[in-house]
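Structure at a glance
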Amino acid sequence: MDASVNTWSYFYTHLMSIWLNRFYIYSCAAFGIGIWICFQFLATKAKKQDEKSTEKLTLSKVTQDVLINGYTKPKMKEVYVTGVKVFYGSQTGTAKGFATILAEAILSLNLPAEIINMRDYDPDDCLAEEATSKNICVFLVATYTDGQPTENAAWFCKWLEEAVNDFRFGKTYLKGMRYAVFGLGNSVYVDHYNTVGKNIDKWLWMLSASRVMTRAEGDCSVAKSKHGSIEADFDAWKARFLARLQALRKGKKKPCSGNCKKGKCKSKGRQSKEGSDREQRVSEQENTEVEDLFETTSEEEAGAEEDGSSNSVIDVEDLGKIMGHMKKAKKECELEEEAGKTGPSQQSSGKNEDSERREMITPGLRDALTKQGYKLIGSHSGVKLCRWTKSMLRGRGGCYKHTFYGIESHRCMETTPSLACANKCVFCWRHHTNPVGTEWRWKMDQPEMILQEAIENHKSLIKQFKGVPGVRVDRFEEGMVVKHCALSLVGEPIMYPEINTFLKLLHRHNISSFLVTNAQFPVEIRNLEPVTQLYVSVDASTKESLKKIDRPLFKDFWQRFLDSLKALAEKQQRTVYRLTLVKAWNVDELKAYAELVSLGKPDFIEVKGVTYCGESAASNLTMANVPWHEEVVHFVRELADLIPDYDIACEHEHSNCLLIAHKKFKIDGEWCTWIDYDRFQELIQEYENSRGSKTFTAADYVAKTPHWAVFGSRERGFDPLDTRFQRKNKTKDISGC
């Protein structure tokens, strides 16, 4: 017992001693930990120094191996600029001379430079490549008579303008391309001063290309030139461009002008005084230019995108005009629509009817359609060059009508004698900027004048392709002679009161006729003279879906639609249903479509995926509504199973389109969907000479369908005589065109 007490007393004494001296114990522990941390820090630092020494030794050895053995390559420096392409548009040689001078100056900087005549450059093939090439593209362009581009730059400018207004290219088509523009002009011509340079600069920017510096202008007028002559203007701009080029080669961004609102500006104190003075002089020169309203740099544009700005690229210089034109056109269309709903009873009050009627093409509508590439004729007609016409001129394939019916796309004129329509379809190509109405209430032009000007305007559009890279000489010559006319541009051609006279004139000029109607005018369909091929748009198979898709103006639209199909069944010449598939809207109505086929008894049924035409306030259609080609094929197969008298005949994959034909066009086991156009002209001439007593049918002018056009062929509808072309820097087109 005493031993246990003594043991406990011993431990208790020592524990109390430790507790009373705990401060000293903690201090010793902290001191020890501190020494350990310092030791670890010094050891780690020494280890890193040893690793660096070893790395240097290894690199030294590798360098020796490179020099001696040559078995490894040194690390390459990042290249920011691979070269400069100098494009020139010149009429008298001034711009060409400037291009030579600039190229020599660039070469002196040990940088590759290429001088390019814009006549010899194909923007459709090559321009998109500049978005990834790390080249700088410089445009030295002169403005010629009446603000037009020079002859060698005409095609480039035409293509660029169309690309800006073509939804297929997209607003970011040239994103990544870097460019600079120097325009040559004469300020004496105030209205057209440097128009071409301004336009090229604007169009490139609207396609998301990035300016490396503000556009500059050279003035031939010595009195008004900033530096005393156009040569001095060019020299001043050249010095600025070369300085900017050297900065770009080093990967430097353009110094902030002080107007940056993103909070990313660096301190100006870091810039040298000389650099600041130079930037101040450049800024003063830039501030005197009109184009400062929409001046941006590559970095500012990229930063805006990073900050979540809109993808839409609109030039501030044109914003007022664009909004004004669109609002004006829209307002005029609304007034036209209201007038159309008023009816004829409220429009006549004893006055002369002709004096009351106004022109269909109002100033606002004229501006809007002209901007879209139309050549307007008189007061209610227009003509436009189809993209397939351009494609076939260059040997890159024709449209689906070439595959299905043998049309020569490069000889086809797309026109309409009436820009007005009775529907407001959700997939309308023109986003409803054209007028609408249920009857003709405008001034009327004579059919002879319309046809003559349509052919002249079409030829003038074809002439623009003369000398364009890739255009085949034989097809260009053939294209100058119109052989086919597609009355399907925009609007409802059958509304034109003199449509029958217009059709007769076409046939007398040996031009075949392909007329498209929206199935809202049954009386006019019955009274229609024979055409080569008559189309009816069957956009839906039920009353509800037709109202939702076509948005017709007629209150009795469904009965008119059914009566139009019945009228089509009475026609003896070739008839076609045109079905436009809109995913989630009308692709599940197979049985109803089959019933409509039995009603109208068409010779052919074209089934095509809807074409997405971009965003519009008038339509909520999106890319999600565009069916894939295989989805269209699946729909066609199921529809063909429901109509036993028909079968799938042809396919044009590129247009996302297939053709169902009546089995009577399968002769001796071979499809005969093509048209014998010479035979048709003979038959229509006999019909007119007999005043309609000698009739003919669709079977009288058929021709054999080539193997490559038949459904199931390896070519999938692409003519093997042409060369398939896939545009670079472009997302896959599933819309068909």
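Use the structure listed above.
Here the structure is a predicted model, which means the values were calculated and not measured.

Tallying secondary structure elements over the protein chain gives 23 helices and 20 strands in all. Residues counted as buried form 49% of the 737 residues belonging to the protein chain. Across the protein chain, the fraction of contacts at a sequence separation of at least 24, relative to all contacts at a separation of at least 6, is 77%. Carbon and sulfur atoms provide 53% of the accessible area of the protein chain, an area that totals close to 37300 Å².

This next bit is on empty space enclosed by the protein. Evaluated as defined, the whole model comprises three cavities of 30 Å³ or more. The calculated volume of the second largest cavity comes to roughly 50 Å³. Forming the boundary of the second largest cavity are Leu528, Glu529, Pro530, Val531, Leu534, Lys571, Gln573, Arg574 and Thr575. By residue class, the composition of the lining of the second largest cavity is four nonpolar, two polar and three charged.

As a further point, take the pattern of salt bridges. Pairing between side chains of opposite charge can happen when their charged atoms approach one another. Across all of its chains, the model carries 28 salt bridges by this definition. A salt bridge links Arg394 to Asp122, with the nearest nitrogen and oxygen atoms 2.0 Å apart. Pair noted here: Arg394 is in the loop between α13 (387–393) and α14 (400–405) and Asp122 is in the loop between β2 (113–117) and α4 (123–126), with a separation of 272 residues, a long-range link. As far as the burial class goes, Arg394 and Asp122 line up, both buried. Of the charged contacts, one joins Asp201 and Arg211 as a salt bridge, the two residues approaching to 2.9 Å between their closest N and O atoms. Taken together, the residues Asp201 in helix α6 (residues 195–206) and Arg211 in strand β5 (residues 210–211) connect sequence positions ten residues apart. Overlapping salt bridges bring together Asp122, Asp124, Asp125, Arg394 and Arg396 as one network.

The next point concerns the sheet that holds strand β8 (residues 381–384). Spatially, β7-β8-β9-β10-β11-β12-β13-β14-β16-β15 is the arrangement adopted by the ten strands of the open sheet, whose pairing is mixed. Because the sheet does not close on itself, it has two edges, and the strands there are β7 (375–377) and β15 (646–652). On average, adjacent strands in this sheet sit at an angle of 25° to one another, irrespective of strand direction. As paired strands, strand β14 (residues 604–609) and strand β16 (residues 657–662) are joined by five bridges and run antiparallel to one another. Residue pairing in the sheet places Phe604 in a bridge with Ala661 of β16.

Of note, Asn194 is a non-glycine position whose phi angle comes to about 55°, a positive value. Relative to the assigned elements, Asn194 resides in the loop between β4 (178–185) and α6. For Asn510, which is not glycine, the phi torsion reads 60° and is therefore positive. Tracing the sequence through the fold places Asn510 in the loop between α17 (499–508) and β11 (512–517).

Buried within α17 are the following residues: Ile499, Phe502, Leu503, Leu505, Leu506 and His507. Looking at the packing, one finds that the buried side of α17 touches α15 (447–463), β10 (484–487), β11 and α23 (677–689). Of the residues flanking the end of α17, it is Asn510, one or two places downstream, whose phi is positive at about 60°.

Our focus in this paragraph is the packing of aromatic side chains. By the definition in use, this model includes 28 aromatic pairs. Consider the rings of Phe87 and Phe156, whose centres lie 6.3 Å apart with planes at 40°: the pair is tilted. One end of the pair, Phe87, is in strand β1 (residues 83–89); the other, Phe156, is in helix α5 (residues 154–165), and 69 residues separate them in sequence. Take Phe87: its relative accessible area is 0%, and that puts it in the buried class. For Phe156, a relative accessible area of 0% gives the class buried. When the ring of Phe604 is compared with that of Phe665, the centres are 4.6 Å apart and the planes differ by 35°; the resulting orientation is tilted. Placement of the pair is Phe604 in strand β14 and Phe665 in the loop between β16 and β17 (666–667), with a sequence separation of 61 residues. In this structure an aromatic cluster arises from ring pairing among Phe98, Phe182, Phe234, Trp237 and Phe241. When the ring centre of Tyr535 is taken as reference, the NZ or CZ atom of Arg578 above it lies at 4.9 Å.

Turning next to the nonpolar core. Val538, Phe561, Tyr577, Leu579, Ile605 and Val607 are the most contacted members of the largest nonpolar core, which totals 77 residues. Top contributing element to this core by residue count: helix α20 (residues 557–569), with seven residues. Look past the residues within four positions of Ile605 in its chain and what remains in contact with it is Tyr577, Leu579, Val597, Ile643, Tyr646, Leu658, Leu659 and Ile660.

Among the five residues of strand β12 (residues 533–537), five are classified as buried, and the element is accordingly described as predominantly covered. Of the two faces of β12, the one lined by Gln533, Tyr535 and Ser537 and the one lined by Leu534 and Val536 are each fully buried. As defined by bridge partners, β11 adjoins β12 across four bridges and the pair is classed as parallel. Within β12, the residue paired with Phe514 across the bridge is Gln533. By the bridge criterion, five bridges tie β12 to strand β13 (residues 574–581) in an arrangement that is parallel. Looking across to β13, one finds that Val536 is bridged to Tyr577.

All right, on to the side chain of Gln533 then. Structurally, Gln533 is set in strand β12. Of the polar contacts made by the side chain of Gln533, one reaches the side chain of Arg574; its length is 2.8 Å. Setting aside residues up to four positions removed in sequence, Gln533 forms contacts with Tyr405, Ser513, Phe514, Leu515, Arg574, Val576, Phe604 and Ile675.

Moving on to the side chain of Glu414. As for its position among the elements, Glu414 is in strand β9 (residues 412–416). With sequence-adjacent residues up to four places away left out, Glu414 is seen in contact with Val383, Lys384, Cys386, Ala486, Ser488 and Leu489.

Positionally, Asp603 belongs in the loop between α21 (590–600) and β14. Judged by relative accessible area, Asp603 falls into the buried class, the value being 5%. What Asp603 contacts, discounting residues up to four positions off in sequence, is Gln573, Arg574, Thr575, Tyr646, Ile660, Ala661, His662, Lys664, Phe665 and Ala698.

A word on the packing of α5 against α6. Viewed as axis vectors pointing N to C, α5 and α6 meet at an angle of 40°, and their least axial separation amounts to 9 Å. Judged by the angle between their axes, α5 and α6 are oblique. For α5 against α6, the interelement crossing comes out left-handed. In this structure, α5 uses Cys157, Leu160, Glu161 and Val164 to contact α6, whose residues at the interface are Val196, Ile200, Trp203, Leu204 and Met206.

Quick look at α21 now. If you check which residues of α21 are buried, you get Leu590, Ala592, Tyr593, Ala594, Leu596, Val597 and Gly600. Tucked inside the fold, the buried residues of α21 contact α20, β13, β14, α22 (629–642) and β15. Phi turns positive one or two residues past the end of α21, at Lys601, with a value near 45°.

Parameters at a glance
- Per chain, the residues get numbers from 1 upward, laid out in the order the sequence is written.
- Residues qualify for local features only when their pLDDT is at least 70, as the model is predicted, and side-chain atom pairs are given and counted only at 80 or more; totals for whole chains, interfaces and linings, by contrast, use all residues.
- With hydrogens and water set aside, each side-chain value is computed from the structure's full complement of heavy atoms.
- For the purposes of this entry, the term helix denotes a DSSP run of H or I that reaches at least four residues, the term strand denotes a run of E that reaches at least two, and both are numbered from the N terminus.
- For every residue, the accessible area (1.4 Å probe, protein chains only) is compared with the maximum for its type, and the residue is labelled buried under 20%, exposed over 50%, or partly exposed between those bounds.
- By definition, residues are in contact when any of their heavy atoms lie within 4.5 Å.
- To measure how exposed things are, a 1.4 Å probe is used in the Shrake-Rupley method; for residues, cover is taken only from the protein chains shown.
- A cavity here means a set of 1 Å grid points, computed over protein atoms only, where a 1.4 Å probe fits but cannot escape. A pocket is an open set with protein on both sides within 12 Å along at least 5 of 7 lines, and lining residues have an atom within 4 Å of a point.
- Grid points are joined across faces, edges and corners, and a volume is the space filled by probe spheres set on the points.
- Under the grouping applied here, Gly and all other residues not named as nonpolar or charged are polar, the nonpolar ones being Ala, Val, Leu, Ile, Met, Phe, Trp, Tyr, Cys and Pro and the charged ones Asp, Glu, Lys and Arg.
- What makes a salt bridge here is a side-chain nitrogen of Lys or Arg within 4 Å of a carboxyl oxygen of Asp or Glu, nothing more.
- The pairing criterion is simple: DSSP has to find at least two bridges between the two strands.
- To get an axis, a line is fitted to the C-alpha atoms, and for a helix only the part in contact is used. The angle between two axes follows their N-to-C directions and goes from 0 to 180 degrees.
- Here is the rule: rings of Phe, Tyr and Trp (six-membered ring for Trp) pair when centre to centre is within 6.5 Å. Planes less than 30 degrees apart are stacked, more than 60 are edge-to-face, and the remainder are tilted.
- A positively charged side chain is recorded as over a ring if its NZ (Lys) or CZ (Arg) lies within 6 Å of the ring centre. The angle to the ring normal must also be within 35 degrees.
- Residues grouped as a nonpolar core are buried Ala, Val, Leu, Ile, Met, Phe, Trp, Tyr and Cys residues, joined through side-chain atoms within 4.5 Å.
- Polar contacts, as counted here, are pairs of nitrogen or oxygen atoms within 3.5 Å of one another; within protein the pair requires one atom able to donate a hydrogen and one able to accept it, and residues that are adjacent in sequence qualify only if both atoms are side-chain atoms.
- For classification purposes, angles smaller than 35 degrees are called roughly parallel, those larger than 145 roughly antiparallel, those between 65 and 115 roughly perpendicular, and all remaining angles oblique.
- A clockwise turn of the near helix away from the far one marks a right-handed crossing, whereas an anticlockwise turn of less than a right angle marks a left-handed crossing.

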